[in-house]
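One-letter residues, chain by chain:
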Amino acid sequence: MTAHVPLSSRRPAPDALAAVVAGLRERFGARLSTAEALRAQHASTLTWAPSQPPDAVVFPHTTEEVQAIVRLCAAHRVPVIPFGTGSSLEGHVNAPYGGVSIDLSRMDRIRAVHAEDLDCVVEAGLTRKALNLSLRDQGLFFPIDPGADASFGGMASTRASGTNAVRYGTMRDAVLGLTAVLPSGEIVRTGSRARKSAAGYDLTRLLVGAEGTLGIITELTLRLSGIPEATAAGHCSFPSVKAACDATILTIQSGLPVARIELLDAVQVRASNAYSKLSLPETPLLLVEFHGTEAGVREQAERFGEIAAAEGGGAFSWATEAEARSRLWQARHDAYWAALALRPGARAVATDVCVPISHLAECVAETQRDIAESGLLAPIVGHVGDGNFHAQLLVDPEDGDEVARATGFIDRLVARALGLDGTCTGEHGVGQKKMRFLEAEHGAEALAAMRALKRALDPLGIMNPGKMLGA
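Residues numbered from 1 in each chain as written. Predicted model: local features only at pLDDT ≥ 70, side-chain atom pairs only at ≥ 80, totals over all residues. Heavy atoms only, no water.

Per an unreviewed UniProt entry, the chain goes by D-lactate dehydrogenase (cytochrome) and derives from Methylobacterium gregans. The Cofactor (unreviewed entry) field of the UniProt record for the chain holds the comment "FAD". (UniProt positions renumbered as here; feature names shortened; annotations may be inferred.)

See the structure below:
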């Protein structure tokens, strides 16, 4: 058995890297690049993690080409870093030890749509908007919506969720099976199109959420949903974040089938008003959406209005027209950019946690107090229907004191969530920036088991090293 070689000790030898680049250039020609500008685009750009570009970028067209790249890199012990659209927020696409970035964006074909079975087979570089545009005429859609127009390979690798998760689940629920290239270069196909199976280890869910550290996902079989007959969306203002969270908790506990329920605190509403040209009251706000029949969504909207009023909320203003709904949700999706505009020149440090819904109001309220006491500017937004919320810290990376305060705040936020039986990340993933919290969340024994899995599948440590477990 090949001994595990930790890459933390060194970057690949120059002659090994040169051999890999030469081999890739011979096979891929212009689809292999070592241009500085392109390499920089394939490093972390949406976080305060230092940018660590790869040594080369290659654009495969097929699973077999990914296999050839991985085999060549494995033979020379050169790291490989999978890349989708680069929209992850925890440094997942950085190359801390150099190596080759495998950009899957040109693997963007829809292989099959089985409308009668509500599933499809797609390549990993396809984005969710492109899939939904193609599915629309068949009355189908893919419901997982993380906000960014992310690729399916990246969404699966980070176990993404988003605004619709409260009703439709996360990528863990949406992926029925997949094709992946392991660190050895072997191709594995997991799962099937059957809706359930009791056969063998669940390799699909092992790779979903592994952040490219155990293999590179190249194809996915996805669960689809029917486009609902009717959709109603609206907004309701509240006197406090606690009141908004309490209304959310009561909505979920009452069994109301909400499709989306999103929180914006007063700071974020102010930012969104300015950026998206809205005129919402600048107090904590819930954005809500219901799917179903015409009668059903009307009944659900009216019932939510009653719940909101009981928790001190204002009038629930809702509409079924597509244009009005789209404008509202586009403003929510643009929250990141709207918040950035509050402090031009600052870097955004977006972090998330998730807690049991019964602890949501307590956790958010304590987090708001912590932000104020820390002297930080950090709007809060959240997919509060499943207890997940985000704080977006706006920080001057050149101000050491402010960076220290922001780091301390994130440490306390995670400790607060873990103390309430929650998790250090509900959807952003671990990447580079949250590795330090895994032992506190899972325990040393569980972390050792994860490392054993990593060593078994990736004995050379070449697959997206320096992420998740740090190996």
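Additional details are given in the paragraphs that follow.
This brings us to the packing of helix α14 (residues 360-374) against helix α15 (residues 400-419). Each pair of packed helices gets described by two things: the angle between the helix axes and the distance between those axes. One can describe the packing of α14 onto α15 by two numbers: an axis separation of 11 Å at closest approach and a directional angle of 165°. Considered as vectors, α14 and α15 are oriented roughly antiparallel to each other. Remark: the crossing between α14 and α15 carries right-handed chirality. Along its contact with α14, which presents C363, E366, T367, D370, I371 and S374, the element α15 presents R405, F409, R412, L413 and R416. (Axes fitted to C-alpha atoms, helices over the stretch in contact; angles between N-to-C directions. Helix = DSSP H or I, 4+ residues; strand = E, 2+ residues; numbered from the N terminus. Parallel < 35°, antiparallel > 145°, perpendicular 65-115°, else oblique. Left-handed = near helix turned anticlockwise from the far one by under 90°. Contact = heavy atoms within 4.5 Å.)

Take the UniProt feature "domain: FAD-binding PCMH-type" (unreviewed entry) in the chain next. In the numbering used here, UniProt assigns the feature "domain: FAD-binding PCMH-type" (unreviewed entry) to residues 50-227. Strand forms 25% of residues 50-227 and helix 23%; the C-alpha atoms that close the span are 41 Å apart.

What follows is about the layout of surface pockets. Approximately 880 Å³ is the volume attributed to the second largest pocket. Lining the second largest pocket are 39 residues, and of these R159, G209, T425, H442 and M468 lie nearest its centre. Mapped onto the lining of the second largest pocket, the elements with two or more residues apiece are α8 (203-207), α16 (438-442) and α17 (444-457). (1 Å grid on protein atoms, 1.4 Å probe; cavity = no way out; pocket = protein on both sides within 12 Å on 5 of 7 lines; lining within 4 Å. Points joined across faces, edges and corners; volume = space filled by probe spheres on them.)

Take K454: it is sitting in helix α17. Within the structure, the side chain of K454 is placed 2.7 Å from the side chain of D458, a separation counted as a polar contact. (Polar contact = N/O pair within 3.5 Å; in protein donor to acceptor, adjacent residues only side chain to side chain.)

Consecutive residues of a regular strand have side chains that alternate between opposite faces of the sheet. Where strand β8 (residues 175-181) meets strand β9 (residues 187-191), 5 bridges bridge the pair, whose relative direction is antiparallel. When the sheet's bridge partners are listed, T179 is paired in β9 with R189. Between β8 and the antiparallel strand that follows it, β9, lie 5 residues; G185 among them carries a positive phi value of about 95°. (Pairing = 2+ DSSP bridges.)

A few words now on the packing of aromatic side chains. Applying the stated rule across the entire model yields 5 aromatic pairs. Note on F141 and Y168: the rings are 5.7 Å apart at their centroids and 85° apart in plane angle, and the pair reads as edge-to-face. Placement of the pair is F141 in strand β7 (residues 140-141) and Y168 in helix α6 (residues 165-168), with a sequence separation of 27 residues. Between Y336 and W337, the ring centres sit 4.8 Å apart and the planes meet at 85°, which makes this aromatic pair edge-to-face. Since its relative accessible area comes to 16%, Y336 is described here as buried. Residue W337 is classed as partly exposed on the basis of its relative accessible area, which comes to 42%. Of the aromatic side chains, those joined through ring pairs into one cluster are F290, F304 and F316. Here the basic side chain of R106 rests over the ring of F59, its NZ or CZ set 4.2 Å away from the ring centre. (Phe/Tyr/Trp six-rings, centres within 6.5 Å; stacked < 30°, edge-to-face > 60°. Buried < 20%, exposed > 50% of the residue type's maximum accessible area, 1.4 Å probe, protein only. Lys NZ or Arg CZ within 6 Å of the ring centre and 35° of its normal.)

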